[in-house]
Amino acid sequence: MPSRKFADGEVVRGRWPGSSLYYEVEILSHDSTSQLYTVKYKDGTELELKENDIKPLTSFRQRKGGSTSSSPSRRRGSRSRSRSRSPGRPPKSARRSASASHQADIKEARREVEVKLTPLILKPFGNSISRYNGEPEHIERNDAPHKNTQEKFSLSQESSYIATQYSLRPRREEVKLKEIDSKEEKYVAKELAVRTFEVTPIRAKDLEFGGVPGVFLIMFGLPVFLFLLLLMCKQKDPSLLNFPPPLPALYELWETRVFGVYLLWFLIQVLFYLLPIGKVVEGTPLIDGRRLKYRLNGFYAFILTSAVIGTSLFQGVEFHYVYSHFLQFALAATVFCVVLSVYLYMRSLKAPRNDLSPASSGNAVYDFFIGRELNPRIGTFDLKYFCELRPGLIGWVVINLVMLLAEMKIQDRAVPSLAMILVNSFQLLYVVDALWNEEALLTTMDIIHDGFGFMLAFGDLVWVPFIYSFQAFYLVSHPNEVSWPMASLIIVLKLCGYVIFRGANSQKNAFRKNPSDPKLAHLKTIHTSTGKNLLVSGWWGFVRHPNYLGDLIMALAWSLPCFNHILPYFYIIYFTMLLVHREARDEYHCKKKYGVAWEKYCQRVPYRIFPYIY
Ligand SMILES: NC(=O)C1=CN([C@@H]2O[C@H](COP(=O)(O)OP(=O)(O)OC[C@H]3O[C@@H](n4cnc5c(N)ncnc54)[C@H](OP(=O)(O)O)[C@@H]3O)[C@@H](O)[C@H]2O)C=CC1
Ligand SMILES: CC(C)=CCC[C@@H](C)[C@H]1CC=C2C3=C(CC[C@@]21C)[C@@]1(C)CC[C@H](O)C(C)(C)[C@@H]1CC3
């Protein structure tokens, strides 16, 4: 076990991340896996620091005049005094006269921003953000002059990183003291204000999904609904007249062997995830400025899984077992998901505050559902990121294949039906696309906003594999012949949906990655007070969520090959409800983030998902 230099309870000096300033801190604990110390500053802030960023008290000389403020926040006053005393600094009046030194002043003001912080652990979508979003916005072309404007008025990438890193509480009184009177300086002050976050517990009215009663219902309702749907689908005539389907006893649904197979599947995916192949990228900055590293090897995991499945088929492994025990597999996955959710909740109780999700509320039931911890990790193993794309999403493709084989066996076919081929290939394209564009997942609401709790655990591990494969499951026992002209129309629809979905997602991801990408120079943007801009032409000028529109068109194309019954259309109905609700959640967050700029965007692009309809 690697040794540690500092003991729990020891008082030392800890570097304030991103700066060269050291403050008195108490060592709270040490994580031998990540080699990070959890330290507590005198104002109560808890952060994780590397050993290199911690020094014994003895390695610092006491400053004269008692200026030994022991937290970043307490140090503010002395900081501004020491700044004015800095050697070689010309008098204020001289500094203001020349524009070059004026720029230097701005830089200095920015630097000042970096150290004058109240290190709070903060909610990124706190109310305070919207308070400062009242300034006029303007629409620009996303070209070179625009880039200059942006550079001039917003913090540099590096400083914006730092700004997100800390609570930059605007010291209005100090801003006055510094007599900031130039336009640029006002912008700097405004930038600070915008980045002010507060520790605000979510109020009851801000709870999503209908609050505590809503999530309670969802948690019990969804598993029940899933089993009823699967049981209905097993019936010869799955019409509503035959509802409810005959219910099996619970003990009939539990099979330890099935649970074992499920665990094996999960562990194989863990193994593939841990393989040191694939690029490592950084996620978006967290509330404390850290950027977690993610290895992008989802596509490799898919290739390896295909090789394993192919070999098993060749070896004569009986895949029909999955079809004949489909409900048992769904129950095994549900049990696994409940155990995982309990584990996630328990471990989140020990998580430092800055590791908590901005969606968490302090209410145990709600937090169990939405997830308390934003990015639960065991060492470098990211549980949420892993579950979002691997066991469930790849599992969905494997289940579809199982259904294709089951259809051939049960209906005694030499080749699968055209409907089954369409459903399988459409959904295969969707999953391969998600794995190929794995990096895009890092900017989704799931990764940035929602914690990892029952909602995503159930969604990723149960709902996606067992509900999204529903059309294929349906076709096994309810054959449907699709003519070639009909199939061609469905393929065209699917491709249209895919072009919109991929085009919109790629356009936004490219813009967020590099706003001055020459390929996007023709697009118009709205400047927002956070420094980030909004696209207002191209796909994002068509409707406010073009990617949802594309996704829904594709979902329709998945259901159409089973058009002889309403049941397979359940997917498109559910998905419309999910995306309409998700769109409303996103609007709520964007309105808080971007204020007036978002309203302007909504005026320019009035439709949310469906042009001229909604
Ligand atoms: N198959 C399934 O079951 C599901 C699929 N999905 C798919 O996942 C994908 C990701 O979805 P999701 O995470 O919900 O949301 P989006 O990918 O649509 O991301 C929303 C974010 O995009 C940014 N944004 C919004 N408008 C603009 C604009 N005009 N210009 C630039 N940036 C803008 C904002 O974030 P910021 O400004 O902070 O960058 C906003 O919060 C979608 O394609 C969706 O269809 C989603 C849910 C379920
Ligand atoms: C209440 C309830 C049923 C919640 C579960 C919702 C989840 C099923 C979805 C939430 C967001 C998702 C995403 C995908 C799958 C469905 C869930 C987990 C996704 C992985 C599908 C593939 C896409 O390309 C994607 C990577 C963009 C997408 C991300 C969001």
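Conventions and cut-offs
- Residues numbered from 1 in each chain as written.
- Chains lettered and ligands numbered in written order.
- Predicted model: local features only at pLDDT ≥ 70, side-chain atom pairs only at ≥ 80, totals over all residues.
- Heavy atoms only, no water.
- Near = heavy atom within 4 Å.
- Polar contact = N/O pair within 3.5 Å; in protein donor to acceptor, adjacent residues only side chain to side chain.
- Helix = DSSP H or I, 4+ residues; strand = E, 2+ residues; numbered from the N terminus.
- Nonpolar A, V, L, I, M, F, W, Y, C, P; charged D, E, K, R; others polar.
- Buried < 20%, exposed > 50% of the residue type's maximum accessible area, 1.4 Å probe, protein only.
- Axes fitted to C-alpha atoms, helices over the stretch in contact; angles between N-to-C directions.
- Parallel < 35°, antiparallel > 145°, perpendicular 65-115°, else oblique.
- Left-handed = near helix turned anticlockwise from the far one by under 90°.
- Contact = heavy atoms within 4.5 Å.
- Phe/Tyr/Trp six-rings, centres within 6.5 Å; stacked < 30°, edge-to-face > 60°.
- Lys NZ or Arg CZ within 6 Å of the ring centre and 35° of its normal.
- Areas by Shrake-Rupley, 256 points an atom, 1.4 Å probe, with all protein chains shown as cover.
- Patch = residues over 30% accessible without salt bridge, like charges linked within 9 Å, V, L, I, M, F, W, Y side chains within 5 Å.
- Salt bridge = Lys/Arg side-chain N within 4 Å of Asp/Glu carboxyl O.
- 1 Å grid on protein atoms, 1.4 Å probe; cavity = no way out; pocket = protein on both sides within 12 Å on 5 of 7 lines; lining within 4 Å.
- Points joined across faces, edges and corners; volume = space filled by probe spheres on them.
- Pairing = 2+ DSSP bridges.

This next bit is on the site of ligand 1. Surveying the vicinity of ligand 1 reveals 26 residues, the closest of which are Tyr468, Arg512, Tyr548, Asp551 and Tyr594. In the environment of ligand 1, an oxygen atom lies 2.5 Å from a nitrogen or oxygen atom belonging to the side chain of Tyr468. Contacts to ligand 1 include Leu535, whose backbone N or O atom sits 2.8 Å from a nitrogen atom. Where the shell around ligand 1 is concerned, the elements lending two or more residues are α22 (484-513), β12 (533-535), α24 (546-559), α25 (570-594) and α26 (596-604). At 8 residues, α25 tops the list of elements feeding residues into the shell around ligand 1. Across the shell around ligand 1, the residue classes tally to 15 nonpolar, 4 polar and 7 charged.

Moving on, we come to the side chain of Asn354. Structurally, Asn354 is set in the loop between α14 (326-348) and α15 (364-370). For Asn354, a relative accessible area of 7% puts it in the buried group. Within polar-contact distance, the side chain of Asn354 engages the side chain of Asp288 at 2.6 Å.

Further remarks concern the packing of helix α11 (residues 256-274) against α14. Running from N to C, α11 and α14 point in directions that differ by 60°, and their axes come no closer than 9 Å. If you check the angle between α11 and α14, you find them oblique. Seen from above, α11 lies across α14 with right-handed handedness. The residues of α14 that touch α11, namely those facing Val258, Phe259, Val261, Tyr262, Leu263 and Phe266, are Gln328, Phe329, Ala332, Ala333, Val335 and Phe336. Here the residues of the contact of α11 with α14 sort into 11 nonpolar, 1 polar and no charged.

With that settled, the discussion passes to the packing of aromatic side chains. Overall, the coordinates contain 39 aromatic pairs when judged by the stated rule. Centre to centre, the rings of Tyr273 and Phe381 are 4.8 Å apart; their planes meet at 70°, and the pair counts as edge-to-face. Here Tyr273, found in helix α11, pairs with Phe381, found in strand β10 (residues 381-382); they are 108 residues apart in sequence, far enough to count as distant. The class of Tyr273 is buried, set by a relative accessible area of 8%. With a centroid separation of 5.5 Å and 55° between ring planes, the pair formed by Tyr607 and Tyr612 is classed as tilted. By relative accessible area, which is 71% here, Tyr612 ends up exposed. Against the face of Tyr294 rests Arg377, its NZ or CZ located 4.9 Å from the ring centre.

Let's shift gears to the site of ligand 2. The local shell around ligand 2 holds 16 residues, among which Leu222, Ala434, Asp446, Asp460 and Arg582 are the closest. Contact with the protein chains hides 86% of the accessible area of ligand 2, taken as 630 Å² for the molecule alone. It is helix α20 (residues 454-467) that contributes the most residues to the shell around ligand 2, 5 residues altogether. When its residues are assigned to classes, the shell around ligand 2 shows 11 nonpolar, 1 polar and 4 charged.

What follows deals with a nonpolar patch on the surface. Judged by side-chain polarity, Val338, Val342, Met346 and Leu349 come together as a nonpolar surface patch covering roughly 340 Å² of accessible area. Using a relative accessible area of 40% as the deciding quantity, one classes Val342 as partly exposed.

Rolling a probe over the atoms, with the probe sized like a water molecule, indicates the empty space that remains. In this structure, the second largest pocket occupies an estimated 600 Å³ of space. The wall of the second largest pocket is formed by 26 residues, among which Val261, Trp265, Phe319, Val322 and Val398 lie closest to the centre. Breaking the lining of the second largest pocket down by element, the ones donating at least two residues are α11, α12 (298-314), α13 (320-324), α17 (391-410) and α20. In terms of residue count, the dominant contributor to the lining of the second largest pocket is α11 (8 residues). In terms of residue class, the lining of the second largest pocket is built from 20 nonpolar, 4 polar and 2 charged.

Turning to its location among the elements, Asn297 is positioned in the loop between β8 (293-296) and α12. A relative accessible area of 0% places Asn297 in the buried class. A polar side-chain atom of Asn297 sits 3.4 Å from the main-chain carbonyl oxygen of Phe272. Among residues more than four places away in sequence, those in contact with Asn297 are Phe272, Tyr273, Leu275, Ile277, Gly278, Arg390 and Glu438.

Turning next to the pattern of salt bridges. On inspection of all chains with the given rule, the structure shows 20 salt bridges. Two residues, Glu282 and Arg291, come together in a salt bridge whose shortest N-O distance is 3.6 Å. Owing to a relative accessible area of 41%, Glu282 belongs among the partly exposed residues under this scheme. Here Glu481 and Arg413 are joined by a salt bridge, their closest N and O atoms 2.7 Å apart.

With 3 bridges connecting them, strand β11 (residues 524-527) and β12 associate as antiparallel partners. Its bridge partner being in β12, Thr525 is matched across the sheet by Leu535.

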